[in-house]
Amino acid sequence: MSKRDFQSITWCQAVEDDFRSILSQAIREDIESIGDLTSLSLIPQNALGRAAIVSRSQGIIAGMPTVDIIVKEVCPELKWEPAIGDGERIAKRQKIGVLSGPARGMMQAERLILNFLARLSGIASTTDLYVQAIEGFRAAVYDTRKTTPGWRLLEKYAVQCGGGKNHRSGLYDAILIKDNHLALAAGRAGMGAFEYNPAEAVRSVQKYLEEQDALGPKPPVLCHGGVPSTCKMRASLIAAVAEVTGSAMISSIIAKTPCYVIEQAREQGAQVPREPALNFPAKDVIIEVEVDTFQQFLSVLDADPDIIMLDNMPIETMAEAVEIRNARKPQIELEASGGINLNTIRAVAQTGVDRISVGALTHSFNMFDIGLDWEEI
């Protein structure tokens, strides 16, 4: 099987920048320019407190780096002592960490901490349930782009904490040919173009990527406002086209860049998922194609995409597709997708597919139950 995969989202500068942006809005929602009226009117300015953040559920914790950032933003005098790390399994009534310091600051930080931990831990715990459901099979559980706008990197990070894997981060870092692309290319949406089938689409994409490499260096793509995308906070994900070694080391095929985000991350010793580049090798872009009939599957095998997505196919059809793939094109990976849930995922894994993508990881998870319990100082 192919060892190529999409970018794995670990906690890095890009994820932290997204979180800080969301946190800024969350703080404004709570206090505007006025403050916490209840605490101001009831709690003495010099009052101190101590409280434990405690799990009221069992599952997987995610989002611990957010707590330290929240504490520093809300009240730098607060002290946060974590008792567990991201990706660790936690039981009911287990202590997550202890918060202490100015009582007014604690009251302002409380809901922010609980909201972020509950959401991200909910995604991680839901992912863990899916991963456990197919334990022993070759398939891995992948997320999708069905994420909350603005939260994508955070939510994909939480999936990683739960033992799942990340599908593409956006439209920029991989090619995924879906039925709507084929419809547009075939003129069924009024475009008046020639007809495409999945196999022809894969070959056209392969030709396009070869042409892009032949053209040589290109100027950076401009974002809204005319700023090069490589200098935006998502810089460390722009060139997600090569294998990650598992450490902060970046694949040598990715070009060097002066982007300050990467340089700053290196200076701080932070992990960087990928080196951004203005001109990454187009030939290294992963090509995936969606098929929804067995005939489409048979035809697209000879086009040699990296991944074939079997969309909403019956279990028996998927199993037959796996058998044929194993015999004819073992290097191509098969991904099952479409309405898969905890009741059906094990049967899907039994077919022998390599990947199972589940939108429910980030759009239908249960919030993790977390509370704050006051302690004596």
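Just so we're clear, the structure is a prediction, and the values are computed from it rather than from any experiment.

## A word on the overall build of the protein
Part 1 of the reasoning: The helix and strand tally for the protein stands at 12 helices and 12 strands.
Part 2 of the reasoning: Scored against the burial criterion, the 377 residues of the protein give a buried share of 51%.
Part 3 of the reasoning: Long-range contacts, defined as pairs at least 24 residues apart, comprise 74% of the intrachain contacts of the protein with a sequence gap of at least 6.
Part 4 of the reasoning: Accessible area of the protein: about 18,100 Å², with a carbon and sulfur share of 52%.

## Side note on the sheet that holds strand 3 (residues 79-82)
Part 1 of the reasoning: What the four strands build is an open sheet, ordered 3-5-1-12; its pairing is antiparallel. Taken across any chain shown, the strands that pair with only one partner, and hence form the sheet edges, are strand 3 and strand 12 (370-374). The sheet shows a mean angle of 20 degrees between the axes of neighbouring strands, direction not considered.
Part 2 of the reasoning: Examined bridge by bridge, strand 1 (residues 48-55) and strand 12 share five bridges and lie antiparallel to one another. Along strand 12, the bridge assignment pairs Ala51 with Trp374.

## Side note on the pattern of salt bridges
Part 1 of the reasoning: Inspection of the entire model under this criterion finds 18 salt bridges.
Part 2 of the reasoning: Glu375 is paired through a salt bridge with Lys95; the nearest N and O atoms lie 3.1 Å apart. Residue Glu375 is found in the segment after strand 12, and its partner Lys95 is found in strand 5 (residues 95-102); the two are separated by 280 residues along the sequence.
Part 3 of the reasoning: Judged by relative accessible area, which is 36%, Lys95 ranks as partly exposed.

## Brief notes about the environment of Lys165
Part 1 of the reasoning: Positionally, Lys165 belongs in the loop between helix 5 (152-161) and strand 7 (175-177).
Part 2 of the reasoning: Residue Lys165 is classed as partly exposed on the basis of its relative accessible area, which comes to 36%.
Part 3 of the reasoning: Once residues lying within four places of it in the same chain are set aside, the contact partners of Lys165 are Asp5, Ala140, Val141, Tyr142, Asp143, Val159 and Gln160.

## Focus on the nonpolar core
Part 1 of the reasoning: Formed by 91 residues in total, the largest nonpolar core has its most connected members in Phe297, Ile308, Leu310, Val353 and Ile356.
Part 2 of the reasoning: With 12 residues, helix 4 (residues 103-133) is the single largest residue contributor to this core.
Part 3 of the reasoning: Sequence-distant contacts of Leu310, that is, excluding residues within four places in its chain, are made with Val291, Phe297, Met318, Ala321, Leu334, Glu335, Ala336, Ser337 and Val353.
Part 4 of the reasoning: Core analysis: the next-biggest nonpolar cluster, separate from the first, contains six residues, Phe6, Ala140, Tyr142 and Ala174 among them.

## Some thoughts on the packing of aromatic side chains
Part 1 of the reasoning: Enumeration over the complete set of coordinates arrives at four aromatic pairs.
Part 2 of the reasoning: Ring geometry for Phe294 and Phe297: centres 5.9 Å apart, planes at 35 degrees, overall tilted. Of this pair, Phe294 and Phe297 both sit in helix 9 (residues 294-301), three residues apart, which is roughly one turn of the helix. For the pair Phe294 and Phe297, a shared accessibility class is recorded, and that class is buried.
Part 3 of the reasoning: Taken together through their ring pairs, the aromatic side chains of Phe19, Phe116 and Trp151 make up a single cluster.
Part 4 of the reasoning: Taking the ring centre of Trp151 as reference, the NZ or CZ of Arg119 above it sits at 4.9 Å.

## Details of unusual backbone geometry
Part 1 of the reasoning: Unusually for a residue other than glycine, Glu32 sits at a positive phi of about 45 degrees.
Part 2 of the reasoning: Not every positive phi belongs to a glycine, and Asn312 is a case in point at roughly 55 degrees.
Part 3 of the reasoning: Examined against the element boundaries, Asn312 turns out to sit in the loop between strand 9 (307-311) and helix 10 (315-328).
Part 4 of the reasoning: The exposed category is assigned to Asn312, whose relative accessible area is 54%.

## Re the pairing of strand 10 (residues 333-337)
Part 1 of the reasoning: Of all five residues in strand 10, five are buried, a share of seventy percent or more.
Part 2 of the reasoning: Burial along strand 10 is two-sided: the face carrying Glu333, Glu335 and Ser337 and the face carrying Leu334 and Ala336 are both buried.
Part 3 of the reasoning: Handedness of the crossover joining strand 9 and strand 10 through helix 10 is recorded here as right-handed.
Part 4 of the reasoning: Here strand 10 runs beside strand 11 (residues 355-357); their pairing, made up of two bridges, is parallel. Following the sheet pairing, Ala336 is matched in strand 11 by Ile356.

## So, the pairing of strand 1
Part 1 of the reasoning: Most of strand 1 sits inside the fold, with six of its eight residues counted as buried.
Part 2 of the reasoning: Looking at chain direction, strand 1 and strand 5 are connected through seven bridges and run antiparallel. Bridging from a neighbouring strand, Arg50 pairs with Ser100 of strand 5.

## Examining helix 4
Part 1 of the reasoning: With 31 residues, helix 4 extends 43 Å from end C-alpha to end C-alpha; this agrees with the ideal 45 Å at 1.5 Å per step.
Part 2 of the reasoning: Of all the bends in helix 4, the greatest, near 35 degrees, is centred on Ala109.
Part 3 of the reasoning: In terms of burial, helix 4 is largely enclosed, as 24 of its 31 residues are buried.

Each value, and the rule that gives it
Residues numbered from 1 in each chain as written. Predicted model: local features only at pLDDT ≥ 70, side-chain atom pairs only at ≥ 80, totals over all residues. Heavy atoms only, no water. Helix = DSSP H or I, 4+ residues; strand = E, 2+ residues; numbered from the N terminus. Buried < 20%, exposed > 50% of the residue type's maximum accessible area, 1.4 Å probe, protein only. Contact = heavy atoms within 4.5 Å. Areas by Shrake-Rupley, 256 points an atom, 1.4 Å probe, with all protein chains shown as cover. Pairing = 2+ DSSP bridges. Axes fitted to C-alpha atoms, helices over the stretch in contact; angles between N-to-C directions. Salt bridge = Lys/Arg side-chain N within 4 Å of Asp/Glu carboxyl O. Core = buried A, V, L, I, M, F, W, Y, C linked by side-chain atoms within 4.5 Å. Phe/Tyr/Trp six-rings, centres within 6.5 Å; stacked < 30°, edge-to-face > 60°. Lys NZ or Arg CZ within 6 Å of the ring centre and 35° of its normal. Right-handed = clockwise from strand over helix to strand, strands pointing away. Expected span 1.5 Å × (residues − 1). Bend = angle between axes of the 7 residues up to and from the residue.

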